[in-house]
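# Fold and contact review
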Amino acid sequence: MAVQISPSLLAADYARLADEAAAVADVADWLHVDVMDGHFVPNLTIGVPVVSALRKHAALPLDCHLMISDPDRWAPDYATAGARNVTIHAEASSAPVRTLRAIRSAGARAGLAVRPATAIGPYADLLPELDMLLVMTVEPGFGGQEFLDLTLPKIRQARALIGRHGGEIWLQVDGGVGEDTIGRCAEAGADVFVAGTAVFGSADPAAAVKYLRSAAAAAAT
Ligand code: DX5
Ligand code: ZN
């Protein structure tokens, strides 16, 4: 299972998104785009028009994390706008099977996210509909929060569920992932690492991505 790094633009300069994306284009695997609606989470960020614009100016594929109350209505639009991955929250979706299928039909990978207090067991039957499972390692809504160690058992449980299911489903972690915590996540079985502050809060974002990748790879082996 190869390590993938998805720098989160939430910690970037929103007035210079194309430049910030270019800073990690040669070293990262994805660009993580946090979509927040001020309802599912208290914070408010960007929507489809910005994703559409970014798609034209960013070399890396876009990994859209929808922290919105009505993903069933909006998720396919992000895929149509050019996102290569669209992740919806289990807690917000009323019809996850339909929405995950709609994301795939629109040409993107389909992801399902769970908040720190949401159990993954009830979603085990959805694995065939998924390309990625996202275990949130902070309460979603803000960057720069402290990593929650209480999520580590769930990362292990998710890895075991995915292993039993077979097939290739990626396991992403998001929130508080940095040089002090990425090893724990990789050891627990995560393979796609979102990092905002640890990358764009650093003086050298590209070097930060390289460091995180090597730390994750060392811990995973
Ligand atoms: C938080 C977002 C994250 C955020 C992570 O709700 O989903 O993607 O950017 O930021 P850091 O890496 O700073 O914790
Ligand atoms: Zn995110």
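Please refer to the structure placed before this passage.
As the structure is a prediction and not an experimental result, all values here were calculated from the model.

Further remarks concern the nonpolar core. By size, the foremost hydrophobic cluster in this structure holds 64 residues, and its most contacted members are Val24, Val33, Leu66, Val86 and Phe193. Here this core gets 5 residues from one element, more than from any other, and that element is helix H5 (residues 152–165). Residues Phe40, Val41, Met67 and Ala92 belong to the second largest nonpolar core, which totals 5 residues.

This part is about the sheet that holds strand S1 (residues 4–7). Spatially, 8 strands are ordered S1-S8-S7-S6-S5-S4-S3-S2 in an open sheet, and the strand pairing comes out parallel. Looking at which strands have only one partner, the edges of the open sheet turn out to be S1 and strand S2 (31–36). Neighbour-to-neighbour, the strand axes of this sheet turn through a mean angle of 25°, independent of strand direction. Note: strand S5 (residues 109–114) against strand S6 (residues 132–136), 4 bridges, orientation parallel. Residue pairing for S6: Leu112 is matched across the bridge by Leu133. Set on the sheet, helix H3 (residues 71–80) makes contact with S2, strand S3 (62–67) and strand S4 (85–89); between it and S4 the angle comes to about 170°. Against the sheet, H5 touches S5, S6 and strand S7 (170–174), its axis set at about 165° to S7.

Calculation criteria
- Residues numbered from 1 in each chain as written.
- Chains lettered and ligands numbered in written order.
- Predicted model: local features only at pLDDT ≥ 70, side-chain atom pairs only at ≥ 80, totals over all residues.
- Heavy atoms only, no water.
- Core = buried A, V, L, I, M, F, W, Y, C linked by side-chain atoms within 4.5 Å.
- Buried < 20%, exposed > 50% of the residue type's maximum accessible area, 1.4 Å probe, protein only.
- Helix = DSSP H or I, 4+ residues; strand = E, 2+ residues; numbered from the N terminus.
- Pairing = 2+ DSSP bridges.
- Axes fitted to C-alpha atoms, helices over the stretch in contact; angles between N-to-C directions.
- Contact = heavy atoms within 4.5 Å.

The quantities given are spatial measurements derived from coordinates; they are silent on function.
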